[in-house]
Amino acid sequence: MNLVLLGPPGAGKGTQAKLLEDGHGLTKLSTGDMLRAAVAAGTELGRKAGEIMERGELVPDELVIKLIAERMDEGAAGQGFILDGFPRTIAQAEALDRLLAERNKRVDRVIVMEVDDEALVERITGRFACANCGEGYHDIYKPTKVPGVCDRCGGTQFVRRKDDNEEVVRSRLKAYHAQTEPLIDYYTRQGKVRTVDGMADIATVQKDIDKALDGVCA
Ligand code: AP5
């Protein structure tokens, strides 16, 4: 099963991708995570992408398509992919169709996560992650069980993303509405879209996504 999670910044794509990875044995491919790793490593790609990401704009299609193409054959991808944050433009969606077709695969389902813009700003500005294992948290919606200690690895250092401030979030939302939202029509025409209410709590969204995978899941 190859699954695309489509939704605005802060909709919960990363949160649900992690749950799907754990629950269904799928391989998560997150272009945001890959780009942040490239920025941290100081690679040529990271140098090109870093400033664009800090402005909340989209990195050029050719760079992210190359990144996804390189990762598609790595790791335990046999059971399928969860694509988190890719595709984000029609050109990326067409490239994804080509890359999968070359491997006798296809996008099986597209989950559209709907969340109000104002809720997204609150979600993103409250987000943080463990500096050691990367587990994601939120000041209000998903705090650590013991204050200041990661539930997963016991780490005590946490980080916040550079692009998680209100001004940049507004610019990321603008990019989403202008360049990514048209993908809903693209995939609706292929009969692959299921919509979930991303305003519900994390566990409810997870259940709704599982229901939306009926008939696709092995
Ligand atoms: P990327 O890393 O993909 O960021 P994004 O799409 O803006 O999405 P986020 O990671 O911010 O949010 P999310 O939907 O994963 O939400 P999360 O689960 O963390 O991209 C970053 C940048 O990289 C882009 O701006 C662009 O520059 C570049 N880029 C990446 N891919 C690209 C591409 N394909 N093409 C071009 N450029 C690209 O949840 C958010 C918070 O809310 C968390 O704290 C979480 O705990 C909480 N939360 C989650 N679900 C719920 C819920 N149901 N209720 C309450 N709180 C919740």
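If you're wondering where the values come from, they're calculated on a predicted model, not measured in any experiment.

(A) Seen up close, the site of the ligand. Near the ligand lie 35 residues; those nearest to it are Thr15, Glu57, Arg88, Arg127 and Arg172. Take Gly14: an N or O atom from its main chain is 2.8 Å from an oxygen atom of the ligand. Here the ligand loses 96% of its free accessible area of 1,000 Å² to cover by the protein chains. Put simply, the parts of the chain that give the shell around the ligand at least two residues each are α1 (13-24), α2 (31-41), α6 (117-125), β6 (136-138) and α9 (202-212). Here the shell around the ligand is composed, by residue class, of 15 nonpolar, 10 polar and 10 charged.

(B) Spotlight on the packing of α2 against helix α4 (residues 61-71). At their nearest, the axes of α2 and α4 sit 11 Å apart, and the two run at 100 degrees to each other. In terms of axis orientation, α2 runs roughly perpendicular to α4. Residue-level inspection shows Thr31, Met34 and Leu35 of α2 in contact with α4, the latter providing Val64, Leu67, Ile68 and Arg71. In terms of residue class, the contact of α2 with α4 is built from 5 nonpolar, 1 polar and 1 charged.

(C) Geometry of the side chain of Lys192. Relative to the helices and strands, Lys192 is located in the loop between α8 (182-188) and β8 (193-197). Of note is the side chain of Lys192, whose polar atom sits 2.9 Å from the backbone oxygen of Val107. Within the structure, Lys192 has its side chain in polar contact with the side chain of Gln190 (distance 2.9 Å). If we ignore the near neighbours within four places in the chain, the residues touching Lys192 are Val107, Asp108, Arg109, Val110 and Tyr187.

Conventions adopted
Here the residue numbering is sequential within each chain, running from 1 through the sequence in written order. Selection of residues for local features in this predicted model requires a pLDDT of at least 70, selection of side-chain atom pairs for listing and counting requires 80 or more, and totals for whole chains, interfaces and linings are taken over all residues. Excluded from the side-chain calculations are hydrogens and water; all other atoms, namely the structure's heavy atoms, are used. If a single non-hydrogen atom of a residue is within 4 Å of a molecule or strand, that residue counts as near it. Polar contacts here mean pairs of N or O atoms no more than 3.5 Å apart (in protein, one a potential hydrogen donor and the other a potential acceptor; neighbouring residues in sequence count only if both atoms are side-chain atoms). Areas reported here follow the Shrake-Rupley algorithm with a probe of radius 1.4 Å; residue values treat only the protein chains shown as occluding. What counts as a helix is a DSSP run of H or I of at least four residues, what counts as a strand is a run of E of at least two, and both are numbered from the N terminus. All residues other than Ala, Val, Leu, Ile, Met, Phe, Trp, Tyr, Cys, Pro, Asp, Glu, Lys and Arg, Gly among them, are scored as polar; the first ten of these are nonpolar and the last four charged. Here, axes are lines fitted to C-alpha atoms. For helices the fit covers the stretch in contact, and angles between N-to-C directions go from 0 to 180 degrees. For classification purposes, an angle smaller than 35 degrees is called roughly parallel, one larger than 145 roughly antiparallel, one from 65 to 115 roughly perpendicular, and anything else oblique. Every residue pair with non-hydrogen atoms within 4.5 Å of one another is taken to be in contact.

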